[in-house]
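# Examination of the molecular architecture
What follows is the residue order along each chain.
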Amino acid sequence: MATKQLTISADVELTDILMAELGEIGFDIFEDTDSGINAYCPMEVYDAAAAHTIIERYRFLGSIDVVEAEIEKQNWNAVWENNYDPIRISDQVNIRASFHAPDPTVAMDIVINPKMSFGTGHHETTTLMVQAMFEISLEGKSVLDVGTGTGILAFIALKLGASRVHGFDIDPWSVENSIENAALNACESATFQEGTIRNEPLTVYDVVIANINRNILLDEIAEYALRLASGGYLLLSGFYAEDIPHLTDAAKPLGLQLEAETNLRNWACLRLRKN
């Protein structure tokens, strides 16, 4: 089975966006390079028009060079293993694959085998969200994980003492992968399902976490507020520092007050609390 390869040269901010977008149209493996990324998609699901539309959509943000190639089937497990390193977030969390040894010097060990799902823990926004979760008490709390990806944040919530954790994602591969990763982390009590926030019942949670992107957050923030208990926390990331005013302006009419903001290499995270 042949595979489509796009060799994309662009700044890291652009490649992060392109990975998220291309992951929605069938690209399931991404490999960092010195100048950007290599993105891979099985030929039977490759949509050239959709891929080109995504790339053209973001050219106004900076230079993007793309070289296309068609390659024969490879041992993708070997490719992935060669490019997947554990990530340590201070002394709090070590996120690793099952073929890596655990790190006994950190408080929490999380095992993630991402397969085709987006979210290995290597992005700055994951670090920001993990740090934000450690800064509030999740003991005995209910948590909704919006756009769960590989389930990383859901598992951390459970290990921080959450009594109930539910995650969802629009990608069926993500749901399947999260369930598999839950077993690897003894987090089988977490539940996962396919869909968007608008498919979720109006169940009220103590904490809602969403690490997605600015446009989706702005579109859905009122839905998050509807499902957040009074006094509950909304943790948001997946956007740049310059986007903070847009999100706080949208949050205020919903009774969501900004308590803290952090950023890492211009990526931002907000902690909001409902009146």
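In what follows, the structure referred to is the one given above.
Residues numbered from 1 in each chain as written. Predicted model: local features only at pLDDT ≥ 70, side-chain atom pairs only at ≥ 80, totals over all residues. Heavy atoms only, no water.

## Some remarks on empty space enclosed by the protein
Counted under the stated rule, the structure contains 1 cavity of 30 Å³ or more. In this structure, the largest cavity spans a volume of roughly 70 Å³. Along the walls of the largest cavity sit Leu 128, Gln 131, Ala 132, Glu 135, Ala 260, Glu 261, Thr 262, Cys 269, Leu 270 and Arg 271, which together make up its complete lining. Elements represented by at least two residues in the lining of the largest cavity include exactly helix H4 (124–134), strand E13 (256–264) and strand E14 (267–274). Grouping the constituent residues of the lining of the largest cavity by class yields 5 nonpolar, 2 polar and 3 charged. (1 Å grid on protein atoms, 1.4 Å probe; cavity = no way out; pocket = protein on both sides within 12 Å on 5 of 7 lines; lining within 4 Å. Points joined across faces, edges and corners; volume = space filled by probe spheres on them. Helix = DSSP H or I, 4+ residues; strand = E, 2+ residues; numbered from the N terminus. Nonpolar A, V, L, I, M, F, W, Y, C, P; charged D, E, K, R; others polar.)

## Focus: the environment of Phe 239
By the element assignment, Phe 239 lies in strand E12 (residues 228–240). For Phe 239, a relative accessible area of 1% puts it in the buried group. On a C-alpha basis, the gap between Phe 239 and Ile 8 in space is 21 Å, while along the polypeptide they are 231 residues apart. Apart from the residues lying within four places of it in its own chain, the contact partners of Phe 239 are Arg 214, Leu 217, Ile 244, Leu 247, Asn 266, Trp 267, Ala 268, Cys 269 and Leu 270. (Buried < 20%, exposed > 50% of the residue type's maximum accessible area, 1.4 Å probe, protein only. Contact = heavy atoms within 4.5 Å.)

## Let's talk about the packing of H4 against helix H5 (residues 152–159)
At their nearest, the axes of H4 and H5 sit 11 Å apart, and the two run at 20 degrees to each other. Looking at the two axes, H4 sits roughly parallel to H5. The hand of the H4/H5 crossing is right-handed. In contact with Thr 126, Met 129, Val 130, Met 133 and Phe 134 of H4, H5 contributes Ile 152, Leu 153, Ile 156 and Ala 157. (Axes fitted to C-alpha atoms, helices over the stretch in contact; angles between N-to-C directions. Parallel < 35°, antiparallel > 145°, perpendicular 65-115°, else oblique. Left-handed = near helix turned anticlockwise from the far one by under 90°.)

## Some details on the environment of Glu 242
Positionally, Glu 242 belongs in the loop between E12 and helix H8 (244–251). With 18 residues separating them in the primary sequence, Glu 242 and Ala 260 have C-alpha atoms 15 Å apart. Among the polar contacts made by the side chain of Glu 242, one reaches the side chain of Asn 266 at a distance of 3.1 Å. (Polar contact = N/O pair within 3.5 Å; in protein donor to acceptor, adjacent residues only side chain to side chain.)

## A closer look at the pairing of strand E6 (residues 93–96)
Along any regular strand, the residues point their side chains to alternate faces of the sheet. What you see with E6 is no split at all: Val 93 and Ile 95 on one side and Asn 94 and Arg 96 on the other are buried throughout. Where strand E5 (residues 87–89) meets E6, 3 bridges bridge the pair, whose relative direction is antiparallel. From the neighbouring strand, Ile 87 faces E6, where its bridge partner is Ile 95. The hairpin formed by E5 and E6 contains 3 residues between the paired strands, and Ser 90 there has a positive phi angle of roughly 45 degrees. In this structure, E6 lies alongside strand E7 (residues 108–111), joined through 4 bridges in parallel fashion. Note that in E7 the partner of Arg 96 across the bridge is Val 111. (Pairing = 2+ DSSP bridges.)

## What to know about the pairing of strand E9 (residues 164–169)
Counting buried positions along E9 yields 5 of 6 residues, so the element is predominantly enclosed. For strand E8 (residues 142–146) and E9, the ladder comprises 5 bridges, and the chain directions are parallel. Bridge pairing in E9 places Val 146 opposite Phe 168. Where the polypeptide runs from E8 across H5 and back to E9, its parallel neighbour, the crossover connection is right-handed. In this view, the connection linking E9 to its parallel neighbour strand E10 (residues 191–194) by way of helix H6 (residues 172–184) has right-handed handedness. (Right-handed = clockwise from strand over helix to strand, strands pointing away.)

## As for the side chain of Asn 38
On the secondary structure map, Asn 38 appears in strand E3 (residues 36–42). Under the relative-accessibility criterion, Asn 38 is labelled buried at 10%. A distance of 3.0 Å separates a polar atom in the side chain of Asn 38 from a polar atom in the side chain of Thr 7. Excluding anything up to four places from it in sequence, Asn 38 contacts Gln 5, Leu 6, Thr 7, Ile 29, Phe 30, Glu 31 and Thr 33.

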